[in-house]
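Chain residues, written in single-letter form:
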Amino acid sequence: MQPDQHLPSLTIKDKKINVPIIQGGMGVGISLYPLAGAVAREGGVGIISSAGIDRVVSKRDGKKVNIYEAVYGEISRAKSGGGIAGINIMVALARDYEDSVKAAIDAKADIIISGGGLPLNLPAIKAPGDTALVPIVSSGRALELICKKWERSKYRPDAVVVEGPLAGGHLGFRYDELDLESNKLENLLPQVKDVAMKYGGFPVIVAGGIFTHRDIVKFLALGADGVQMGTRFLTTNESSATQAYKEAVVGAGKEDILVAERPGSPCGLPFRVIRYSPMFVSALEGRREPRCDKGYVLLKDREGMFSRCSAKTSNEDSFCICNGLLSSAGYNPDTEEPLYTVGTNAWRINKVLSVKALMGELTGREPSSVTE
């Protein structure tokens, strides 16, 4: 198949990216160095997820490591084969946020992408050096807030990811905002681009529902500088999702993908899942006993200690996302039910591919393998 358009390169903080595709960071334990390194070698940007990375790396390598050690080591491995590689660090993972940022910068990550809340203090944590700092936003207003706050550290974003409501995992919108016309990615892009231009002009990356080469060409024509894609990379050979997870995605129909609100994520953000995910079903039917013993999304109590999580005392409003996602990456499958999170278009996937084959599709060199 001939490409509809040659995909241009993308430059972020003087780093030339041959293919303007950023692989989305998928946690817990899905985006590790095998996936990120493979994407980097194919000319895109490979992204590790910091969520729960200490536990999954400790189990995989048979050696206990802390958050800093796991982040540093995984980034180093992802970069070892060449290309551009970085990490996604969620603001909502407050307990481990600063250590993850410091480790990424020390490991000379090419890029830190940060969302799941507004990364208002990101440039103040540690001088980034050559590492690009890239926030994720869901509106021009959010980017404006970030730019104003970052100015205090004499820093501006090196790029921004604007994520629409069709993404997987945590969504940056209230449940009743997901279907608004104003929140379609096509309508969010111009306002975010305007703010980026106001603050000196930096690349704007679109995310949420980008699925095919045709989608990439469409959004580049609308003014985006690049795209971020998660779900398509979830079902690659190099993804660290369990085989059961990948099979669940391949087998899902359009009606099987929904946004969980109650019960939902302890973070309080809407969360897109496959409806027959075992943990979600148990929580929905009231059969799940409260269980929160990993603590990645803990909030501070009145004494300033990280101790609060709604999944500790009840599963009526939320389920234990940490344990569910760890199980989906093979960490604790014998003791915990898995939770399968996907983007809205996951039902269109019908097979598992290598990263090389997928990148061939996305760049237009190979025919598409998904439902058009």
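What you are looking at is a predicted structure, and each value in this text was computed from that prediction instead of being measured.

Caption draft 1: Representation of the pairing of strand E5 (residues 84–88) in the model. Burial of E5 is extensive: five of the five residues sit out of reach of the surface. Side chains Ile-84, Gly-86 and Asn-88 of E5 all project onto a buried face; the interleaved residues Ala-85 and Ile-87 project onto the opposite face, where all are buried too. Both strand E4 (residues 45–49) and E5 contribute to a ladder of five bridges, which runs parallel. Residue pairing for E5: Ile-48 is matched across the bridge by Ile-87.

Caption draft 2: Structural view of the pairing of strand E8 (residues 160–163). Of the two faces of E8, the one lined by Val-160 and Val-162 and the one lined by Val-161 and Glu-163 are each fully buried. Bridging between strand E7 (residues 132–137) and E8 involves two bridges; their strand directions are parallel. Paired with Ile-136 across the bridge in E8 is Val-161. Crossover handedness for the path E7 to helix H6 (residues 140–151) to E8: right-handed. Pairing of E8 with strand E10 (residues 204–207), which is carried by four bridges, proceeds in the parallel orientation. Looking at the pairing, Val-160 lines up with Val-204 of E10.

Caption draft 3: How the structure looks around the pattern of salt bridges. Evaluation of the coordinates by the stated rule reveals 16 salt bridges. In this structure, the salt-bridge partner of Glu-42 is Lys-356, at a minimum N-O distance of 3.8 Å. Of the two residues, Glu-42 is situated in the loop between helix H1 (33–41) and E4 and Lys-356 in helix H13 (residues 355–362); the sequence distance between them amounts to 314 residues. With a relative accessible area of 23%, Glu-42 lands in the partly exposed category. Here Glu-177 ties to Arg-174 by a salt bridge, and the two come within 3.2 Å at their closest N and O atoms.

Caption draft 4: Structural view of the sheet that holds strand E12 (residues 257–260). Taken in spatial order, the three strands make up an open sheet running E9-E13-E12, and their pairing is antiparallel. With one partner strand each, in any of the chains shown, strand E9 (169–170) and E12 form the two edges of the open sheet. The sheet contact formed by E12 and strand E13 (residues 271–274) spans four bridges and is antiparallel. Of the residues in E13, the one forming a bridge with Ile-257 is Ile-274.

Caption draft 5: Molecular detail of H1. Of the residues making up H1, those classed as buried are Leu-35, Ala-36, Gly-37, Ala-38, Val-39 and Ala-40. Positive phi appears at Gly-43, one or two residues downstream of H1, with a value of about 100 degrees.

Caption draft 6: Region of interest: the nonpolar core. Membership of the largest hydrophobic core comes to 110 residues, with the highest contact counts inside it found for Ile-21, Ile-112, Leu-143, Val-206, Ile-216, Phe-233 and Leu-339. The element contributing the most residues to this core is helix H7 (residues 185–198), with six residues. Beyond its immediate chain neighbours, meaning those up to four positions away, Leu-339 contacts Phe-271, Val-273, Ser-277, Met-279, Phe-280, Phe-319, Ile-321, Gly-324, Leu-325 and Ser-328. Within the second largest apolar cluster, 16 residues are counted, among which are Ile-22, Ile-84, Ile-113 and Val-134.

Caption draft 7: Here's a closer look at the packing of H6 against H7. H7 packs onto H6 with a crossing angle of 20 degrees between their chain directions and a minimal axis gap of 8 Å. Taken together, the axes of H6 and H7 lie roughly parallel to each other. For H6 against H7, the interelement crossing comes out right-handed. Mapping the contact onto sequence places Gly-140, Arg-141, Leu-143 and Glu-144 in H6 and Gln-191, Val-192, Val-195, Ala-196 and Lys-198 in H7. Each residue belonging to the contact of H6 with H7 can be placed in one class, and the counts come to four nonpolar, two polar and three charged.

Conventions we followed
- Residues numbered from 1 in each chain as written.
- Predicted model: local features only at pLDDT ≥ 70, side-chain atom pairs only at ≥ 80, totals over all residues.
- Heavy atoms only, no water.
- Buried < 20%, exposed > 50% of the residue type's maximum accessible area, 1.4 Å probe, protein only.
- Helix = DSSP H or I, 4+ residues; strand = E, 2+ residues; numbered from the N terminus.
- Pairing = 2+ DSSP bridges.
- Right-handed = clockwise from strand over helix to strand, strands pointing away.
- Salt bridge = Lys/Arg side-chain N within 4 Å of Asp/Glu carboxyl O.
- Core = buried A, V, L, I, M, F, W, Y, C linked by side-chain atoms within 4.5 Å.
- Contact = heavy atoms within 4.5 Å.
- Axes fitted to C-alpha atoms, helices over the stretch in contact; angles between N-to-C directions.
- Parallel < 35°, antiparallel > 145°, perpendicular 65-115°, else oblique.
- Left-handed = near helix turned anticlockwise from the far one by under 90°.
- Nonpolar A, V, L, I, M, F, W, Y, C, P; charged D, E, K, R; others polar.

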